[in-house]
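An overview of the molecular structure
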Amino acid sequence: MRLPRRPRLLLPVAIALVAIVALFFLFSGIYTDYLWFDSTGFTSVFSGVLLTQIVLFLVGAALMVGIAGGNMLLAFRTRPMFGPAIFGGGSGADRYRMALDPHRKLIFIVGMGLLALFSGSSFAGQWETWLKYINGATFGQQDKLFGMDISFFMFDYPFIRMVLNFLFTAVIISIALAAITHYLYGGFRLQSPGVHASRAARVHLSVLLGVFVLLKAIAYWIDRFGLVFSDRGFVHGASYTDVNAVLPAKTILAIIALICAALFFAGVVRPGGMLPGVSFGLLVLSAILIGGVYPALVEQFQVKPNQQGKESAYIQRNIEATREAFNVDKTEVETYNAQADPTKVETNGDTSVSGVRLLDPALVSSTYEQTQRIRGFYSFADPLDVDRYPDSSGKLIDHIVGIREIAGPEQSQNNWINRALVYTHGYGFVAAPGNQVDSSGLPAYDAKDMPVTGPLVTSTQLKEPRVYYGENEGATEYVIAGGNPSRPQELDYPKTGGTGQENTTYTGKGGVPVGSFLNRLVYAAKYGEANIVLSGDVNDNSKILYVRNPRDRVQKVAPFLTLDGNPYPAIIDGRIQWIVDGYTTSNDYPYSQSESLGDMTRDTSTDRRVIAQQPSDKINYMRNSVKATVDAYDGTVTLYAWDNNDPVLKTWSNAFPGTIRPAAEMSAELRQHVRYPEDLFKVQRYTLSRYHITDPSAFYSGQDFWNVPGDPTQGDKNIKQPPYYLTTTMPGGTPTFSLTTTFVPRQGPNLAAFMAVDSSAGGDYGRMRILRMPSSTPIPGPGQAQNAFQSRFAGELNLLGVGASSVRYGNLLTLPYAGGLVYIEPVYIQVAAGGGQEPYPILQRVLVSFGTKIGVARTLQEALQEVFGGEQQQQQQPTDEQAQQPSQSNSALNTAIGNAKKAYSDAQKALQASPPDWDAYGDAQKRLEEALKALEGANVQTTPTASPSASPSASPSPSGSPSASPSASPTVSPSPTGSQAGGTS
């Protein structure tokens, strides 16, 4: 019984509809990508990559189908005329053939279609390898083993390996499909006493096997060049065994494989399985004995007994190549005879550290949040960024900067209109000098509030404070802005009175117009949001803004770059611009040591996920080749070629001409804000922890290897201390904005070295210097300095951190000073303010250490004075008269404790007011300082011995108020009453 016509049509109609919908969504994805690239001016990247992928897909699919499908068809057409009967009797293949044969065309078409899809997609995914191959620039430098230009290993060798892998796959699939076809249609039988095959099947399979072995011969020959990446030896690169055993073995195996291929081809004219069997046996035996056993014997009996001597020349090659590949070959290493005793040095009025940055960008982010967020739907990045801006005298000062970004509406107002049309952008640039705070310990903002005000805003002539493109991951994926200029609905900033908000309408050139029905339709499909089509607020003036994270934005227009994990904002030419550092990386630099990029850049900041983590890809070459900017208002992306000598950048510039501008086009103001990138510096310090050693014997022993110390402020020795941006004065130099780090020995806590790189764009940008500490004088390492700080001042710091407060240690900074190394660390009290606000830190003390001498004060200058301005205050021996007056001493002690409690209580009340009363808080802090000073004097009077005096430690009493008790820690000379906390240093 036949089905009615209508039901029989439903299935093809349903299939057609599904296909149409699928094709529409595919079209939407490609078309919206094109619109995005067109809006950014990088359509050449879009078309270049897409065209390359399409061509590679078609080539890969055609080659695979041609090779595999052609061999399958050949096997079918050369099947025996009488089928399986030529060998007599039936076989198990008959039933499979009978089942498949009626559908063989459909099976063939579907199978080849799937094969084409997978092989074409795989080949298209290698578009970078192809573009580097056809656009590769020369290095002008030869490798030490083959004397070939390094570009061969960077660009040609990967492409050759890609082609060989593809051909191997195609031939193996062809052998499998041809064998199955011959078997199904009677070309050969697996039956006693052996394999019975028709001449056509024997010839066909012999040729395919011969081609496979011929490819193997070519692979053996090409593998010789891959020895420059070997990890067999003590270091990466061709080792003694590779050069003296594996290299000749690969050559011999290539010749043997050629002979075996000829024997397989001989099977075409000579029947029987002897020649193929001999060929296969010879190939396997040679691979085992020559390719495996012989190199293992050389390694075991020649190299290992004398590895240092045998590997010395190859270790030297690795050292030179690694230093060149990571651009540390010009690092200046000098012995620094650092002093550890402050009484033996003369500062002579040296003020090189007096202006050091005290605000920790990883801690004061929450302070910015609570004091400058204004409304709950704004947020700041964590951590904030460090940049330089001039003060009133024109001198460049390290600043802590942040952007007030939109975080989206509150949950009760979280609807599509608010997310997409109202809460469209952040507002404002907030900055504070890093070397000063106000009288309450808060940042002394010189750019703040909404609208933005402050001296920095005036000096930089900031004209556009709105931020439509930023780092905030909590912001919506897209917004639609610029809809109705006559009736603005985009929240600009809150204000007092009226509607409670100032509105605006986007007028930037960024974004994709969505006035047309087609554009609205494809974006509705892209985001699965019908309101894009239905909303009356979306009109001819509307633009959709997406891919708004500056790092993601640069990555999309420059997919060939690896980007730094920490973009930073700067005011450039009156606009807020994001600066993003781009790297060219590779794992194909001969003889260079290969390491995980993620491991090399991992430290406290990335481990806390506050800065983007790099992938765990292995690399052995890295250059900071590109400086990119992203306009925070209109999203304009600009790429500048920062390293014109990088052959990898030249290669990509050849592939995408015109996309990367010359560095000469950078404005003077942009150059002023360029800095040395963090991730590159982390990779270089990781490399220099070993590769500061250039002698192969010393490198082999490893006695002078260093480690990056664990972050002492986090209490986890396994998480590395991050590098710090700060103004540093190296010996014989002038104050320079630098990126700095320290090293400690592999075994031992002392300081091994200090490293700094000049981060200011100019004549010495990128100059890297290492101060190696003398082995005869132990200099405390960061961990030791932190322990000394915590133990020395535990009493006072505990008293500061009682109740609802807690002590937070800022970044531990290390700087060359007075012929030695000085440690400087800000100490914050994290307080909980009133009105349900989150706790946030306030700078209260500055700790300074030089050798074993420590100073603490409210300002850096006073702390330095304690260390270098004379002997620290020593304990006074109690006189007989003092010993006879315990009641008077106890009375003074009790009075001091009472005053400290009262001052602390008043400070907490001032903070818990809504809004916080900062004047009252500052007055309470002064009284607390006076009480601490009196408390020290009372402790001196009650101490009956000459041991270090007891300074107060506090713990909450049952009622919640602080109760002070003596603890054995040395006396601290507090700063004078009335000094401003952390004032301009």
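Residues numbered from 1 in each chain as written. Predicted model: local features only at pLDDT ≥ 70, side-chain atom pairs only at ≥ 80, totals over all residues. Heavy atoms only, no water.

Scanning the protein chain from N- to C-terminus turns up 28 helices and 37 strands. When each of the 985 residues of the protein chain is scored for burial, the buried share is 53%. Contacts in the protein chain between residues far apart in sequence, at least 24 positions, make up 69% of those at least 6 positions apart. Taken as a whole, the protein chain presents about 41,800 Å² of accessible surface, with 55% of it coming from carbon and sulfur. (Helix = DSSP H or I, 4+ residues; strand = E, 2+ residues; numbered from the N terminus. Buried < 20%, exposed > 50% of the residue type's maximum accessible area, 1.4 Å probe, protein only. Contact = heavy atoms within 4.5 Å. Areas by Shrake-Rupley, 256 points an atom, 1.4 Å probe, with all protein chains shown as cover.)

On to the pattern of salt bridges, then. According to the stated counting rule, one finds 23 salt bridges in the structure shown. Among the salt bridges present, the one from K250 reaches D223, with a minimum N-O distance of 3.7 Å. In this pair, K250 is assigned in helix 8 (residues 240-266) and D223 in helix 7 (residues 199-223), connecting sequence segments 27 residues apart. For D603, the salt bridge is made with K682, and the minimal N-O distance between the two is 3.0 Å. Taken together, the residues span a long stretch of sequence, with D603 in the loop between helix 17 (597-601) and helix 18 (604-607) and K682 in helix 21 (residues 678-691) at a distance of 79 residues. Look at the salt bridges and you will find they share partners, linking D603, D679, K682 and R685 into a network. (Salt bridge = Lys/Arg side-chain N within 4 Å of Asp/Glu carboxyl O.)

On to unusual backbone geometry, then. Of the consecutive residues D382 and P383, the connecting peptide bond is found in the cis state with omega at 5°. You can see P383 is positioned in the loop between strand 4 (378-379) and strand 5 (385-390). Here the phi dihedral of V547 falls at roughly 50°; this positive angle occurs in a residue that is not glycine. In this structure, D573 is a non-glycine residue whose phi angle is positive, near 55°. Along the polypeptide, D573 turns up in the loop between strand 17 (568-572) and strand 18 (575-586).

On to the pairing of strand 9 (residues 429-433). Within strand 9, 5 of the 5 residues are buried, which leaves the element mostly enclosed by the surrounding structure. A two-sided burial pattern is seen for strand 9, the buried positions comprising F429, A431 and P433 on one face and V430 and A432 on the other. Pairing analysis gives 5 bridges linking strand 6 (residues 396-403) to strand 9, with the strands arranged antiparallel. In the sheet register, H399 faces strand 9, and the bridge partner there is P433. (Pairing = 2+ DSSP bridges.)

If you look at the biggest cluster of nonpolar residues, it comprises 184 residues, and the most contacted ones within it are F429, Y523 and I824. Apart from the residues within four sequence positions on either side, I824 is in contact with V353, V356, L358, N811, L812, L813, L815, V846, L847, V848 and L860. Membership of the second largest hydrophobic core comes to 20 residues, among which are M730, M773, I779 and Y809. (Core = buried A, V, L, I, M, F, W, Y, C linked by side-chain atoms within 4.5 Å.)

Within the element layout of this structure, T629 appears in strand 21 (residues 621-631). Placed 49 residues apart in sequence, T629 and V580 show a C-alpha to C-alpha distance of 6.1 Å. Once you skip the residues sitting within four places of it in the chain, T629 turns out to touch Q577, W578, I579, T636, V637, T638, Y640 and L670.

Turning to the sheet that holds strand 9, a few remarks are in order. Taken in spatial order, the 3 strands make up an open sheet running 5-6-9, and their pairing is antiparallel. Across the chains shown, the open sheet's two edge strands, defined by having one partner strand only, are strand 5 and strand 9. Each adjacent strand pair in this sheet contributes to an overall mean axis angle of 40°, direction not counted. (Axes fitted to C-alpha atoms, helices over the stretch in contact; angles between N-to-C directions.)

This part is about a nonpolar patch on the surface. Together, F280, V284, L285, I288, L289, V293, L297 and F301 line one region of the surface with nonpolar side chains, adding up to about 760 Å² of accessible area. On the secondary structure map, L285 appears in helix 9 (residues 274-303). (Patch = residues over 30% accessible without salt bridge, like charges linked within 9 Å, V, L, I, M, F, W, Y side chains within 5 Å.)

The next thing to look at is the pairing of strand 15 (residues 543-546). Where burial is concerned, the two faces of strand 15 agree: the one with K543 and L545 and the one with I544 and Y546 are both buried. Relative to strand 15, strand 11 (residues 478-481) runs antiparallel, the two sharing 4 bridges. When the bridges of strand 15 are listed, I480 appears paired with I544.

Close contact between helix 2 (residues 43-77) and helix 5 (residues 127-135) brings their axes to 10 Å; oriented N to C, the two are set at 100°. Classified by the angle their axes make, helix 2 and helix 5 are roughly perpendicular. Counted together, V49, T52, Q53 and L56 of helix 2 and W127, W130 and L131 of helix 5 form the full contact between these two elements. For the contact of helix 2 with helix 5, the residue count by class is 5 nonpolar, 2 polar and no charged. (Parallel < 35°, antiparallel > 145°, perpendicular 65-115°, else oblique. Nonpolar A, V, L, I, M, F, W, Y, C, P; charged D, E, K, R; others polar.)

With that settled, the discussion passes to helix 10 (residues 307-325). Compared with the 27 Å implied by 1.5 Å per residue over 19 residues, the 25 Å span of helix 10 between its first and last C-alpha is a close match. At A313, helix 10 shows its largest kink, close to 45°. Q307, E311, Y314, I315, N318, I319, A321, T322, R323 and A325 are the residues of helix 10 that are buried. Among the structural elements, helix 8, helix 9, strand 21, helix 21 and helix 22 (696-701) are those in contact with the buried residues of helix 10. Once helix 10 finishes, N327 follows within two positions and takes phi at roughly 60°, a positive value. (Expected span 1.5 Å × (residues − 1). Bend = angle between axes of the 7 residues up to and from the residue.)

With that settled, consider the sheet that holds strand 15. One open sheet accounts for 3 strands, arranged 11-15-14; its pairing is antiparallel. At either margin of the open sheet sits one strand with a lone partner, and together these are strand 11 and strand 14 (512-513). Strand direction decides the pairing type here: strand 14 and strand 15, joined by 2 bridges, are antiparallel. Counted as the bridge partner of P513 is K543 from strand 15. Packing of helix 14 (residues 517-527) onto the sheet brings it into contact with strand 11, strand 14 and strand 15, and relative to strand 15 it is tilted by some 30°.

On to the side chain of T322. By secondary structure assignment, the location of T322 is in helix 10. Separated by 3.0 Å, the side chain of T322 and the backbone nitrogen of Q593 make a polar contact. Setting aside its immediate chain neighbours within four residues, T322 contacts Y591, S592, Q593, T687 and Y691. (Polar contact = N/O pair within 3.5 Å; in protein donor to acceptor, adjacent residues only side chain to side chain.)

Between helix 5 and helix 6 (residues 150-184), whose axes approach to 8 Å, the crossing angle comes to 130°. In terms of their interaxial angle, helix 5 and helix 6 are classed as oblique. Relative to helix 6, the crossing made by helix 5 is left-handed. Along the contact surface, helix 5 presents T129, W130, K132 and Y133, while helix 6 presents F155, D156, P158, F159 and M162. Residue composition of the contact of helix 5 with helix 6, grouped by class: 6 nonpolar, 1 polar and 2 charged. (Left-handed = near helix turned anticlockwise from the far one by under 90°.)

Right, let's talk about the packing of aromatic side chains for a bit. Any two aromatic rings considered together are summarised by their centre-to-centre distance and by the angle between their planes. On inspection of all chains with the given rule, the structure shows 49 aromatic pairs. Consider the rings of F152 and F225, whose centres lie 5.2 Å apart with planes at 70°: the pair is edge-to-face. Here F225 lies in the loop between helix 7 and helix 8 and F152 lies in helix 6, a separation of 73 residues in the sequence. Across this residue pair, the class does not change: F152 and F225 are buried. Site record: aromatic cluster; members linked through ring pairs are F146, F152, F153, Y157, F225 and F229. Sitting above the plane of the Y568 ring, R675 keeps its charged end 3.8 Å from the centroid. (Phe/Tyr/Trp six-rings, centres within 6.5 Å; stacked < 30°, edge-to-face > 60°. Lys NZ or Arg CZ within 6 Å of the ring centre and 35° of its normal.)

Moving on: the environment of Y133. One can find Y133 in helix 5. Considered as a pair, Y133 and S151 are 18 residues apart in the sequence and their alpha carbons are 9.3 Å apart. If we skip the residues at most four places from it in the chain, Y133 touches F155, D156 and F159.

Before going further, it helps to examine the confidence of the model for the protein chain. Residues of the protein chain with pLDDT of at least 70 account for 85%, and the chain-wide mean is 86. In the predicted structure, residues 871-886 sits below a pLDDT of 50 and forms 23 contacts with residues beyond four places in sequence or in another chain. Per-residue pLDDT stays below 50 along residues 940-985; that stretch engages in 130 contacts with residues further than four places along the chain or on separate chains. (pLDDT = per-residue confidence, 0-100.)

Now for helix 23 (residues 782-792). All of the buried residues in helix 23 are P782, A785, Q786, F789 and R792. Taken around the axis of helix 23, the buried residues stretch over an arc of 145°, which confines them to a single face. (Arc of directions from axis to C-beta.)

This brings us to the environment of F737. Looking at the element boundaries, F737 is found in strand 28 (residues 736-745). The class of F737 is buried, set by a relative accessible area of 4%. Separated by 350 residues in the primary sequence, F737 and D387 place their C-alpha atoms 9.2 Å from one another. Leaving out residues up to four positions away in the same chain, F737 has contacts with V386, R388, D398, R675, Y725, L726, T727, V757, D758, S759 and S760.

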